[in-house]
Amino acid sequence: MKQILSVARMGHPVLRTPAEPVDPARLDSAEFQDFIDSMLVTMHETDGVGLAAPQVFTSWRVITLHEGAQVAREGEEALTALINPRVTPLTEETASMWEGCLSIPGLRGKVSRPRRVRLEGLDRKGKPVDIELSGFAAVVVQHECDHLDGILYVDRIDDPRDLVFEKEFERFILPELEDEDDEEEAIEGEEL
Ligand code: NI
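Computed from a predicted model, the values in this text were never measured in an experiment.

Calculation criteria
- Residues numbered from 1 in each chain as written.
- Predicted model: local features only at pLDDT ≥ 70, side-chain atom pairs only at ≥ 80, totals over all residues.
- Heavy atoms only, no water.
- Salt bridge = Lys/Arg side-chain N within 4 Å of Asp/Glu carboxyl O.
- Helix = DSSP H or I, 4+ residues; strand = E, 2+ residues; numbered from the N terminus.
- Buried < 20%, exposed > 50% of the residue type's maximum accessible area, 1.4 Å probe, protein only.
- Donors = N, O, S within 2.8 Å, 3.2 Å for Na, K, Ca; no water.
- Tetrahedral: all angles 85-135°; square planar, octahedral: opposite > 155°, others 65-115°.
- Pairing = 2+ DSSP bridges.
- Axes fitted to C-alpha atoms, helices over the stretch in contact; angles between N-to-C directions.
- Expected span 1.5 Å × (residues − 1).
- Contact = heavy atoms within 4.5 Å.
- Phe/Tyr/Trp six-rings, centres within 6.5 Å; stacked < 30°, edge-to-face > 60°.
- Polar contact = N/O pair within 3.5 Å; in protein donor to acceptor, adjacent residues only side chain to side chain.
- Core = buried A, V, L, I, M, F, W, Y, C linked by side-chain atoms within 4.5 Å.

Within the structure shown, the criterion is met by 14 salt bridges. Of the charged contacts in the structure, one is a salt bridge between Arg113 and Asp146, with a shortest N-O distance of 3.0 Å. With a gap of 33 residues between them, Arg113 in strand 5 (residues 107-114) and Asp146 in helix 2 (residues 135-148) connect regions that are remote in the sequence. A relative accessible area of 4% places Arg113 in the buried class.

Below, the structure written as structure tokens:
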């Protein structure tokens, strides 16, 4: 039975614990499929763009993704769950975005990450995934895969002054980003 799960907040050790790989044989079990469905409803109920299993107190290498993140194989529907995902940078070129996180409510931070990545793993049916991503989708999967290694976006902020409250972000930083038509993009109103 799927259910809304509670979300761990920064400071809870589960967010700093590397998650365990999932045995692909488990994907056939109703219990595991229910867990993925519970992650999906939790992500949607909390307005998240992505969610990683450690954020719901489960140290497994599983992430879920909102359809809006558009993590997709060519010509197919968006992927909403990945098992044992792995990201590899495909370029040294970086892009920065103001990220948020369901486990760090109320804050935004500017993080630079590789602009283009390869994503490998399994979908929820066990079918292999191997795709290249850029833009917002690349940011989302890197943020979620970091959770599986016990890494939070705040660890990746270069300048501590680039960590701000959401309200002040919307008031002082977002208008400037919109004016400048900067390379930096803001992730507005949604958390990862
Ligand atoms: Ni997060």
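Moving on from the coordinates now.
Protein coordination of the nickel ion is provided by Cys101 (SG), His143 (NE2), His147 (NE2) and Leu192 (O), with donor distances spanning 2.1 to 2.3 Å. Metal-centred angles of 89 to 139° between the four donor atoms at the nickel ion mark the site as irregular. Binding-site remark: the nickel ion is held by donors from one chain whose sequence spacing is C-x41-H-x3-H-x44-L. Linking His147 in helix 2 with Leu192 in the segment after strand 9 (185-186), this pair joins segments that are 45 residues apart in sequence. There is no split in this pair, since His147 and Leu192 are both buried.

On to the environment of Thr42, then. By secondary structure assignment, the location of Thr42 is in helix 1 (residues 30-45). Taking relative accessible area as the criterion, Thr42 reaches 0% and is therefore assigned buried. It is 9.5 Å that separates the C-alpha atoms of Thr42 and Lys2, two residues lying 40 residues apart in sequence.

Next up on the list: the sheet that holds strand 6 (residues 116-122). Ordered in space as 1-2-3-6-7, the five strands form an open sheet in which the pairing is antiparallel. For this open sheet the edge positions go to strand 1 (50-52) and strand 7 (128-134), each flanked by a neighbour on one side alone. With strand direction ignored, the average angle separating the axes of adjacent strands in the sheet is 40°. Here strand 2 (residues 62-65) pairs with strand 3 (residues 81-89) via three bridges, running antiparallel. Bridge pairing in strand 3 links Thr64 to Ala81.

A few words on helix 1. What sets the pattern is the α-helix's 3.6 residues per turn: residues three or four places apart point alike. Taking 1.5 Å as the rise per residue, helix 1 with 16 residues should run 22 Å; its terminal C-alpha atoms sit 22 Å apart, in good agreement. Residues of helix 1 that are buried: Phe32, Gln33, Phe35, Ile36, Ser38, Met39, Leu40, Thr42 and Met43. Tucked inside the fold, the buried residues of helix 1 contact strand 1, strand 2 and strand 3. Looking at the residues trailing helix 1, positive phi occurs at Asp47, about 60°.

What follows concerns the environment of Leu133. Considering the arrangement of structural elements, one finds Leu133 in strand 7. Between the alpha carbons of Leu133 and Arg161 there is a distance of 29 Å; along the sequence they are 28 residues apart. With residues up to four places along the chain from it excluded, the contact list for Leu133 reads Val71, Arg115, Arg116, Val117, Leu119, Ala138 and Val141.

What follows deals with the packing of aromatic side chains. The final tally for this structure, using the stated rule, is four aromatic pairs. With 5.2 Å between their ring centres and 85° between their planes, Phe35 and Trp60 make a pair best called edge-to-face. With a gap of 25 residues between them, Phe35 in helix 1 and Trp60 in the loop between strand 1 and strand 2 connect regions that are remote in the sequence.

On to the side chain of Thr58. Mapped onto the fold, Thr58 is located in the loop between strand 1 and strand 2. Only 3.2 Å separates the side chain of Thr58 from the backbone oxygen of Val56, close enough to count as a polar contact. Excluding residues within four positions of it along the chain, Thr58 makes contact with Val14, Phe35 and Ala53.

Here the focus is the nonpolar core. It is characteristic of soluble globular proteins that their nonpolar side chains tend to be buried jointly. Core analysis: the biggest nonpolar cluster contains 21 residues, and Ile63, Leu65, Val71, Leu119, Ile131, Leu133 and Val141 have the highest contact counts within it. Per-element tally for this core: the top contributor is helix 2, with six residues. Those residues in contact with Val141, other than ones at most four positions away along the chain, are Leu65, Val71, Val87, Val117, Leu119 and Leu133. If you look at the next biggest cluster of nonpolar residues, it comprises 16 residues, including Phe32, Phe35, Leu51 and Val62.

Functional significance is not addressed by these values, which are geometric in nature.
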